[in-house]
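# Chains, contacts and geometry: an overview
Spelled out from the first residue to the last, the chains are:
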Amino acid sequence: MLSVENIHSYYGASHILHGVSLEVNQGEVVALLGRNGAGKTTTLRSIIGLTPPKQGQIHLKGKETTGHKPHAMARVGVSYMPETRGIFPSLTVYENLTLAAGRRPGPWTIARIFEIFPRLEARRTNGGAQLSGGEQQMLAIARTLLLNPDLLLLDEPTEGLAPIIVQDIEERLEAIKREGMTILLVEQNFRFATNLADRVYVLGKGEIQWSGTAGEILADDHTQKTWLGV
Ligand code: ATP
């Protein structure tokens, strides 16, 4: 589905990614882990075209997309949920969903979203700003799904949420995974990420330091301590 080959990305003169390569196969959930500042968000921004790499290549479904703008990436089936969530606080839940729906044909409709996120249906007439952190996160995930992507890029869906809400988000994402969605997930929450992911890449100092299955990293104390501080 996605192939990232040896990308180098910069903010101004700061060289942040030093040759990152990774693959995401159809139907997989892949987690990108690493400490603060490792370059995880920059990797997602490079893929979606917000911080285009200066070197290296990105292919989606076999076609090169290096440097394509975010709207072009959305058209070819990649949607991105930033850490900031990107919901409209002054609009209702239903209005937030309506704005995202119907742009690209596919299985995700507002009715289907309400089956997976009954909480959003219960809150449909509430304003975005009235929602709890967990509900806002669910709304942000729902909005990216309604773009009917082939690949979903999620930046820290658990950030700032209480453990019980993290558990709830994990169950929703499990359901979305069972529908066959391909996901590249950036996370700080090691347990959440390894519960959901099939495979894991560990980023450190702008380079991939380790890759393997979720089971392998759970058994690898050295990698956890060195690169994740778990
Ligand atoms: P976090 O969990 O803290 O977001 P991360 O692994 O996602 O960590 P990035 O956000 O990709 O890390 O940041 C990588 C490096 O780039 C950090 O050193 C950060 O300070 C720097 N950086 C991020 N955004 C900018 C920017 N807009 N301008 C300059 N430097 C930036």
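Further up the page is the structure itself.
Figured I'd write up the structure that's included with this text. (Residues numbered from 1 in each chain as written. Predicted model: local features only at pLDDT ≥ 70, side-chain atom pairs only at ≥ 80, totals over all residues. Heavy atoms only, no water.)

## A few points about the pattern of salt bridges
Convention followed: Take a side-chain nitrogen of Lys or Arg and a carboxyl oxygen of Asp or Glu: if they are within 4 Å of each other, that pair is a salt bridge. To qualify as a helix, a DSSP run of H or I must reach at least 4 residues; to qualify as a strand, a run of E must reach at least 2; elements of each kind are numbered from the N terminus. Throughout, exposure labels follow a simple rule: accessible area from a 1.4 Å probe, protein chains only, divided by the maximum for the residue type, with under 20% read as buried, over 50% as exposed, and the rest as partly exposed.
For the structure on display, the rule yields nine salt bridges. Its salt-bridge partner being K61, residue D150 comes within 2.5 Å of it at the nearest N-O pair. With D150 in the loop between helix 6 (133-146) and strand 7 (151-155) and K61 in the loop between strand 4 (55-60) and strand 5 (63-64), the pair connects residues that are 89 residues apart, well separated along the chain. Judged by its relative accessible area of 26%, D150 falls in the partly exposed class. Owing to a relative accessible area of 45%, K61 belongs among the partly exposed residues under this scheme. One salt-bridge network, held together by shared partners, links K61, R104 and D150.

## Considering helix 7 (residues 163-178)
Given 3.6 residues per helical turn, the α-helix brings residues three or four places apart onto the same face. The test is simple: Multiplying 1.5 Å by the residue count of a helix minus one yields the expected span of that helix. Contacts were defined at the residue level, with two residues in contact if any of their heavy atoms lie within 4.5 Å.
The end-to-end C-alpha distance of helix 7 is 23 Å, a good match for the 22 Å that 16 residues give at a rise of 1.5 Å each. Taken residue by residue, helix 7 has V166, I169, E170, L173, A175, I176 and K177 as its buried positions. Contacts from the buried residues of helix 7 go to strand 3 (29-33), helix 4 (110-116), helix 6, strand 7, strand 8 (182-187) and helix 8 (190-196). The positive-phi residue at the C-terminal boundary of helix 7 is G180, with phi of around 100°.

## Quick word on the site of the ligand
For clarity, the cut-off: The cutoff for a nearby residue is simple: one of its non-hydrogen atoms must lie within 4 Å of the molecule or strand. Whenever two N or O atoms come within 3.5 Å, that pair is a polar contact, provided that in protein one can donate a hydrogen and the other can accept it, and provided that, for residues adjacent in sequence, both atoms are side-chain atoms. Only the protein chains shown count as covering a residue, and every accessible area follows the Shrake-Rupley method with a 1.4 Å probe. Charged residues are taken to be Asp, Glu, Lys and Arg, nonpolar residues to be Ala, Val, Leu, Ile, Met, Phe, Trp, Tyr, Cys and Pro, and polar residues to be all remaining types, Gly included.
Near the ligand you find 13 residues, and of these G37, G39, K40, T41 and T42 are the closest. A distance of 2.9 Å is found between an oxygen atom of the ligand and a backbone nitrogen or oxygen belonging to G39. A distance of 2.5 Å separates an oxygen atom of the ligand from a polar side-chain atom of T42. Isolated, the ligand exposes 630 Å² of accessible area, and the fraction of that covered by the protein chains is 59%. Looking at the shell around the ligand, the element that brings in the most residues is helix 1 (residues 40-48), giving three residues. Of the residues contributing to the shell around the ligand, the split by class is three nonpolar, six polar and four charged.

## Looking at the environment of E95
With respect to the helices and strands, E95 occurs in helix 3 (residues 93-100). Separated by 53 residues in the primary sequence, E95 and N148 have C-alpha atoms spaced 17 Å apart. Within the structure, the side chain of E95 is placed 2.9 Å from the backbone nitrogen of T92, a separation counted as a polar contact.

## Some details on the sheet that holds strand 2 (residues 14-24)
Threshold: When DSSP finds at least two bridges between two strands, those strands are taken to pair. For helices, the axis comes from a line fit to the C-alpha atoms of the stretch in contact; other axes are also lines fit to C-alpha atoms, and the angle between any two N-to-C directions lies between 0 and 180 degrees.
One open sheet holds the four strands; their spatial order is 2-1-4-5, and the pairing between them is antiparallel. Each edge of the open sheet carries a strand with a single partner, namely strand 2 and strand 5. Bridge count for strand 4 against strand 5 is two bridges, and the pairing is antiparallel. If you follow H59 over to strand 5, its bridge partner there is E64. Its contacts with the sheet place helix 1 against strand 1 (2-11), strand 2 and strand 4, and it is angled at close to 110° to strand 1.

## A closer look at the sheet that holds strand 8
In space, the six strands of this open sheet follow the order 6-7-8-3-9-10, with mixed pairing throughout. The outermost strands of the open sheet, each flanked by one partner alone, are strand 6 (78-81) and strand 10 (207-213). Along the sheet, successive strands turn relative to each other by an average axial angle of 15°, direction set aside. Two elements, strand 7 and strand 8, share five bridges in a ladder whose sense is parallel. Pairing of L151 across the sheet is with T182, part of strand 8.

## Observations concerning the pairing of strand 9 (residues 199-204)
In terms of burial, strand 9 is largely enclosed, as six of its six residues are buried. A two-sided burial pattern is seen for strand 9, the buried positions comprising R199, Y201 and L203 on one face and V200, V202 and G204 on the other. Here strand 3 runs beside strand 9; their pairing, made up of four bridges, is parallel. What sits directly across from A31, in strand 9, is V200. Summarising the sheet, strand 9 and strand 10 pair through six bridges and their orientation is antiparallel. By the bridge assignment, G204 is partnered in strand 10 with E207. The hairpin formed by strand 9 and strand 10 contains two residues between the paired strands, and K205 there has a positive phi angle of roughly 55°.

Shape descriptors only; they carry no functional weight alone.
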